[in-house]
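Letter by letter, the chains look like this.
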Amino acid sequence: VTQALVNGNYIYEVIASAYPTPTFSLTTAPAGMDIDETTGVISWTPTSTGEYNVSVVAKNATGSSVQHFTIMVGALPVVTSTAVTEAGINSAYAYNIDATGYPTPIYILESAPLGMTINETTGEISWTPDMIGDYDVTVQIENLVGFTLHSFQITVSYRVFLPIIVR
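What counts, and at which threshold
- Residues numbered from 1 in each chain as written.
- Predicted model: local features only at pLDDT ≥ 70, side-chain atom pairs only at ≥ 80, totals over all residues.
- Heavy atoms only, no water.
- Pairing = 2+ DSSP bridges.
- Helix = DSSP H or I, 4+ residues; strand = E, 2+ residues; numbered from the N terminus.

Undergrad: Which residues make up the sheet that holds strand β4 (residues 34-35), and what are the values?
TA: Read from one edge of the open sheet, 3 strands run β2-β5-β4, paired in antiparallel fashion. Each having just a single partner strand, β2 (10-13) and β4 make up the two edges of the open sheet. Relative to strand β5 (residues 41-44), β2 is paired through 4 bridges, and the arrangement is antiparallel. Along β5, the bridge assignment pairs Glu13 with Val41.

What follows is the structure, encoded as structure tokens:
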């Protein structure tokens, strides 16, 4: 088992056949990982994302065998930004969605008004609305662990700009 979730229960049973029956130990393991020396059951609750190397030794009176593997601990994407919900007619609209997650998520427009685009890597939404009204948007933010939906509504209206004296 080479994948786990942050704060999830990771369990893997190492199976080795030999006579006499082997005992098990961990020679390389992340903090908090344990192995039952008799059954070979590894248990762990990962607390942070990343890749963790593990080495298990099965040993009896005649020798030993080692198994090496890496566990990728991931986290579902979580949106950390607030949507821009107002836009002006015939004015450029932009909203950069910020999301955490491991591995790094990608961004996909699930539903959006005509002409709206998203950069799948950065989450940058671009659009120039040409009609006033309310527009629903749903973005799927996904990684290898799973996905999160980010839904919001944009209200497009006429914008009145006041003069600004710059000098």
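Undergrad: Which residues make up the sheet that holds strand β12 (residues 117-118), and what values go with them?
TA: Read from one edge of the open sheet, 3 strands run β9-β13-β12, paired in antiparallel fashion. Two strands bound the open sheet, and with one partner strand each, they are β9 (93-96) and β12. As paired strands, β9 and strand β13 (residues 124-127) are joined by 4 bridges and run antiparallel to one another. Paired with Ala94 across the two strands is Ser126, which belongs to β13.

Everything listed is a geometric property; what it means functionally is a separate question.
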